[in-house]
Amino acid sequence: MLYLYAGAGFLCVLGLGVEGHFIRSLLLEGAAFTALALVWQASEDRAASRVYLLTVILSAAMTIGGMLGVGSVQNNLVIALLIAGFSLKLALVPLSLWLPMVAKAVPAPLIGLVVAVVDVAAFSELLILRQSAPWLFEPMQVWLAVALVSALGGAFLMIAQRI
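Given the structure is predicted, the values throughout are model-derived calculations rather than measurements.

Caption draft 1: Looking closely at the packing of aromatic side chains. Scanning the entire structure with this criterion turns up 2 aromatic pairs. Between the aromatic rings of Tyr 52 and Trp 98, the centroid separation amounts to 5.3 Å while the plane-to-plane angle is 35°, which identifies the pairing as tilted. One end of the pair, Tyr 52, is in helix 3 (residues 46-70); the other, Trp 98, is in helix 5 (residues 98-105), with 46 residues separating them in the sequence. Trp 98 matches Tyr 52 in its accessibility class, with the two residues each being buried. One residue, Arg 46, lies across the ring of Trp 40, its end atom 5.0 Å from the ring centre.

Caption draft 2: View of the pattern of salt bridges. Taken as a whole, this structure holds 2 salt bridges when the rule is applied. The salt bridge partner of Lys 89 is Glu 29, with a shortest N-O separation of 2.2 Å. Highlighted residues: Lys 89 in helix 4 (residues 76-89) and Glu 29 in helix 2 (residues 21-42), separated in sequence by 60 residues. Under the relative-accessibility criterion, Glu 29 is labelled buried at 4%.

Caption draft 3: Up close: empty space enclosed by the protein. Taken as a whole, this structure holds 2 cavities of 30 Å³ or more when the rule is applied. Looking at the largest cavity, the residues that line it are Glu 29, Ala 32, Tyr 52, Thr 55, Val 56, Ser 59, Leu 88, Lys 89, Trp 98 and Val 118. Looking at the lining of the largest cavity, the elements with two or more residues in it are helix 2, helix 3 and helix 4. With 4 residues, helix 3 is the single largest residue contributor to the lining of the largest cavity. Across the lining of the largest cavity, the residue classes tally to 6 nonpolar, 2 polar and 2 charged. There is about 40 Å³ of room inside the second largest cavity. Taken together, Ser 25, Leu 28, Glu 29, Thr 63, Met 67, Phe 86, Lys 89, Ala 121, Ala 122 and Glu 125 form the lining of the second largest cavity. Elements that contribute at least two residues to the lining of the second largest cavity include exactly helix 2, helix 3, helix 4 and helix 6 (108-132). For the lining of the second largest cavity, the residue count by class is 5 nonpolar, 2 polar and 3 charged.

The rules behind each value
Position numbers for residues count from 1 along each chain, tracking the sequence in the order it is written. Owing to the predicted nature of the model, reporting of local features is limited to residues with pLDDT of at least 70; listing and counting of side-chain atom pairs is limited to 80 or more, with chain, interface and lining totals taken over all residues. Water and hydrogen atoms were dropped before computing side-chain values, which therefore reflect all heavy atoms in the structure. Within 6.5 Å between ring centres, the rings of Phe, Tyr and Trp (the latter by its six-membered ring) count as paired, and their orientation is classed by plane angle as stacked under 30 degrees, edge-to-face over 60, tilted in between. The helix count covers DSSP runs of H or I at least four residues long, the strand count covers runs of E at least two residues long, and both are numbered beginning at the N terminus. Between buried and exposed lies partly exposed: a residue is buried under 20% and exposed over 50% of the maximum accessible area for its type, with that area taken using a 1.4 Å probe on protein chains only. Charge over a ring is defined by NZ of Lys or CZ of Arg lying within 6 Å of the ring centre and within 35 degrees of the ring normal. Here, a salt bridge means any Lys or Arg side-chain nitrogen found within 4 Å of an Asp or Glu carboxyl oxygen. Each cavity reported here is a set of points on a 1 Å grid over the protein atoms alone in which a 1.4 Å probe fits but cannot get out, each pocket an open set with protein on both sides within 12 Å along at least five of seven lines, and each lining residue one with an atom within 4 Å of a point. Grid points are joined across faces, edges and corners, and a volume is the space filled by probe spheres set on the points. Residues are grouped as follows: Ala, Val, Leu, Ile, Met, Phe, Trp, Tyr, Cys and Pro are nonpolar; Asp, Glu, Lys and Arg are charged; all remaining types, including Gly, are polar.

Written as structure tokens, this is what we have:
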């Protein structure tokens with residue numbers, strides 16, 4: 001199981017150092033799928049494992065689909081795919097429902113690895129996209145609205161939670 005931890009970290013670091021959107025996305029998604037294998041192995045709750053499987057597949061499909069469109073066309077579909085893929089991957093509200101379920105089902109160090117691998121990969125990809133394809137962020141209001149809804153939604157969910 002230790003080799004999977006190392007493999008997830010290695011794929012993430014390798015993905016950060018590679019040129020080319022598609023290869024980088026494949027390596028970073030490979031890190032996410034390695035983390036998925038760890039979750040599947042460690043979780044006693046099969047429902048949580050299935051939810052995480054669906055999350056990884058959907059976010060990978062949307063992110064890679066958006067990445068493929070970055071170089072070819074400049075349209076709203078590419079932006080929508082990227083926003084949805086990154087929102088699901090980063091567990092932004094309201095697409096955050098998978099994270100508490102997985103966090104309850106696996107040990108704390110593993111959820112730390114999952115969040116670290118996924119967040120590092122997603123944020124680095126966003127930074128690289130910001131530099132290489134700035135037109136994706138031109139309707140900045142859309143990205144700011146997603147951030148604001150997630151921040152406020154998370155705050156309201158935290159206030160409403162009972163121990």
